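# Summary of the model geometry
These are the residues of each chain, in order.
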Amino acid sequence: MTTTRHLDTSRPELRRIGTAELATALRRGWADFLATPTQLMFLCVLYPVIGLVAATLAAGGEVMHLFYPMAAGFALVGPIAALGLYEISRRREAGLPASWINVFDVLKSPALPGIVALALLLVVLFLGWLLAADAIYAATLGTLPAQPGQDMTTLLFSTPEGRRMILLGNGVGFLFAVVVLVLTVVSFPMLLDRDGGVAQAVGTSLRAVALNPVPMALWGLIVAVLLLLGSLPLFIGLAVVLPVLGHATWHLYRLVVVR
């Protein structure tokens, strides 16, 4: 028997929020993480990926300059990794049993086609960021004559080309991060919660940011700082930071979008 997909096309009502709601979302995200720990699952996924990337880059010196952009750019596809966490938070909120195995329930969602489409958009943005980072390198440090044994860190901070690369790279990376934040801050959780299609979910995310520009900017800063702290040292903290932020994003969605 074929199940018909019914879209909820009603326009969601939004709330204005402040810094107190951001703290509430983080507190509830932490509570979800303590109730349903998923750090081992993230460690099992994170370290093989990071190890593979590091080994690949170390073996191919010509792309070593993309290691930092690749590591930083994983934040652009972070909302995809958080999908299962949204489902755990949704189940706990509804009073349903929740465990790490429920992360795979996303695959049963009627909104899966929309989720996949939005995920592919983030992958395209990630690849676009890597291309932009490569172009910035080529236009800055890439213009310097190659010297055996030259240290990348020394070149970055001791040459005009290196300082220009830092400025341009961080500026362009910031723009990519803003685009992802605006497009996805409530869209992925909303697709899991009420299937209204990708256009409605992204449109609601845009309206949420427009209605709450300062809190959403602060949320983006909180995410960036926590991801940076979680990356030091050796990305160990990300096994906690990523799930807490994932759960907190679900609760931020709940605080912004009226049921």
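This text goes with the structure placed above it.
Rules of the game
Numbers given to residues run from 1 along each chain, matching the order in which its sequence is written. Local features in a predicted model are, by the rule used here, given only for residues with pLDDT of at least 70; side-chain atom pairs are given and counted only at 80 or more, and totals for whole chains, interfaces and linings are based on all residues. As a rule here, side-chain values cover all heavy atoms of the structure and leave hydrogens and water aside. Between the rings of Phe, Tyr and Trp (Trp by its six-membered ring), a pair exists once the centres lie within 6.5 Å; its type follows the angle of the planes, with under 30 degrees stacked, over 60 edge-to-face, and the other angles tilted. A run of H or I in DSSP becomes a helix once it reaches four residues, and a run of E becomes a strand once it reaches two; helices and strands are each numbered from the N terminus. In this scheme, a residue with accessible area under 20% of its type's maximum is buried, one over 50% is exposed, and one in between is partly exposed, where area comes from a 1.4 Å probe on protein chains only. Polar contacts, as used here, are pairs of N or O atoms within 3.5 Å; protein pairs need one atom able to donate a hydrogen and one able to accept it. Residues neighboring in sequence count only if both atoms are side-chain atoms. Note on definitions: angles span 0 to 180 degrees between N-to-C directions of axes, and those axes are lines fitted to C-alpha atoms, for helices only across the stretch in contact. When an angle is under 35 degrees it counts as roughly parallel; over 145 it counts as roughly antiparallel; between 65 and 115 it counts as roughly perpendicular; any other value is oblique. Residue contacts are counted whenever heavy atoms from the two residues lie within 4.5 Å of one another. Gly falls in the polar group here, along with every residue not listed as nonpolar (Ala, Val, Leu, Ile, Met, Phe, Trp, Tyr, Cys, Pro) or charged (Asp, Glu, Lys, Arg). By definition, no residue in a patch forms a salt bridge, and every one has over 30% relative accessible area; like charges are joined within 9 Å, nonpolar side chains (Val, Leu, Ile, Met, Phe, Trp, Tyr) within 5 Å. Using a 1.4 Å probe, accessible areas were evaluated by the Shrake-Rupley method; residue-level cover was limited to the displayed protein chains. A pair is scored as a salt bridge if a Lys or Arg side-chain nitrogen falls within 4 Å of a carboxyl oxygen belonging to Asp or Glu. Only buried Ala, Val, Leu, Ile, Met, Phe, Trp, Tyr and Cys residues count toward a nonpolar core, and they belong to the same one when joined by side-chain atoms within 4.5 Å. In this analysis, the expected span of each helix is defined as 1.5 Å times one less than the number of residues it contains. Crossing handedness: left-handed means the near helix sits turned counterclockwise from the far one by under a right angle, and right-handed means the same turn made clockwise.

### What about the packing of aromatic side chains?
As enumerated under the stated definition, the model contains three aromatic pairs in all. Both rings, one in Trp 250 and one in Tyr 253, keep their centres 5.4 Å apart while their planes meet at 55 degrees; by these two values the pair is tilted. Placement of the pair is Trp 250 and Tyr 253 together in helix H12 (residues 238–256), with a separation of three residues, close to one helical turn. For Trp 250, a relative accessible area of 0% puts it in the buried group. Here Tyr 253 falls in the buried class, since its relative accessible area comes to 1%.

### Focus on the environment of Arg 259
Position of Arg 259 relative to the elements: it lies in the segment after H12. With a relative accessible area of 72%, Arg 259 lands in the exposed category. When the C-alpha atoms of Arg 259 and Glu 13 are compared, they prove to be 7.9 Å apart, with 246 residues separating the residues in sequence. Within the structure, the side chain of Arg 259 is placed 3.1 Å from the side chain of Glu 93, a separation counted as a polar contact.

### Quick notes on the packing of helix H6 (residues 112–139) against helix H8 (residues 160–184)
Relative to each other, H6 and H8 sit at 170 degrees, their axes nearing to 10 Å. Judged by the angle between their axes, H6 and H8 are roughly antiparallel. Across the interface between the two elements, Leu 121, Leu 122, Leu 125, Gly 128, Trp 129, Ala 132, Ile 136 and Tyr 137 of H6 pack against Met 165, Leu 168, Gly 169, Val 172, Gly 173, Phe 176, Val 179, Val 180, Leu 183 and Thr 184 of H8. Residues that form the contact of H6 with H8 fall into these classes: 14 nonpolar, four polar and no charged.

### Some words on a nonpolar patch on the surface
Residues Trp 100, Ile 101, Phe 104 and Leu 107 make up a contiguous nonpolar surface patch of about 440 Å² in total accessible area. Relative to the helices and strands, Ile 101 is located in the loop between helix H5 (83–93) and H6. Relative accessible area serves as the criterion here: at 44%, Ile 101 is assigned to the partly exposed category.

### Thoughts on the nonpolar core
Among the nonpolar cores identified, the biggest contains 47 residues, and Ile 115, Phe 188, Leu 252 and Val 256 are the most heavily contacted of them. When contributions to this core are tallied by element, the ones reaching two or more residues are helix H1 (19–35), H5, H6, H8, helix H9 (187–193), helix H10 (198–211), helix H11 (213–230) and H12. Ranked by residue count, the leading element in this core is H6, at ten residues. Leave out the neighbours within four places in its chain, and Leu 252 touches Ile 17, Leu 22, Ala 25, Val 185, Met 216 and Trp 219. If you look at the next biggest cluster of nonpolar residues, it comprises six residues, including Tyr 137, Leu 141, Leu 155 and Met 165.

### So, the pattern of salt bridges
Under the definition given, this model contains seven salt bridges. Across the salt bridge formed by Arg 92 and Asp 32, the nearest N and O atoms sit 2.7 Å from each other. Here Arg 92 is found in helix H5, whereas its partner Asp 32 is found in helix H1, with 60 residues between them in sequence. Overall, the relative accessible area of 35% leaves Arg 92 in the partly exposed class. Residue Arg 254 pairs with Glu 93 through a salt bridge whose shortest N-O separation is 2.6 Å. Of this pair, Arg 254 sits in helix H12 while Glu 93 sits in helix H5, and the two are 161 residues apart along the sequence. Judged by relative accessible area, which is 15%, Arg 254 ranks as buried.

### Here's the deal with H10
The end-to-end C-alpha distance of H10 is 20 Å, a good match for the 20 Å that 14 residues give at a rise of 1.5 Å each. Within H10 the residues assigned to the buried category are Gln 200, Ala 201, Val 202, Thr 204, Ser 205, Ala 208 and Val 209. Contacts made by the buried residues of H10 are with H6, H8, H9, H11 and H12.

### Some remarks on the packing of H11 against H12
Orientation of H11 relative to H12, taken along the N-to-C sense of each, is 165 degrees, at an axis distance of 9 Å. When the axis of H11 is compared with that of H12, the two are roughly antiparallel. Considering how the two elements wind past one another, H11 and H12 form a crossing that is right-handed. Across the interface between the two elements, Met 216, Trp 219, Val 223, Leu 226, Leu 227 and Gly 230 of H11 pack against Leu 238, Val 241, Leu 242, Leu 245, Ala 248, Thr 249, Leu 252 and Val 256 of H12.

All we've got here are geometric facts, nothing functional implied.
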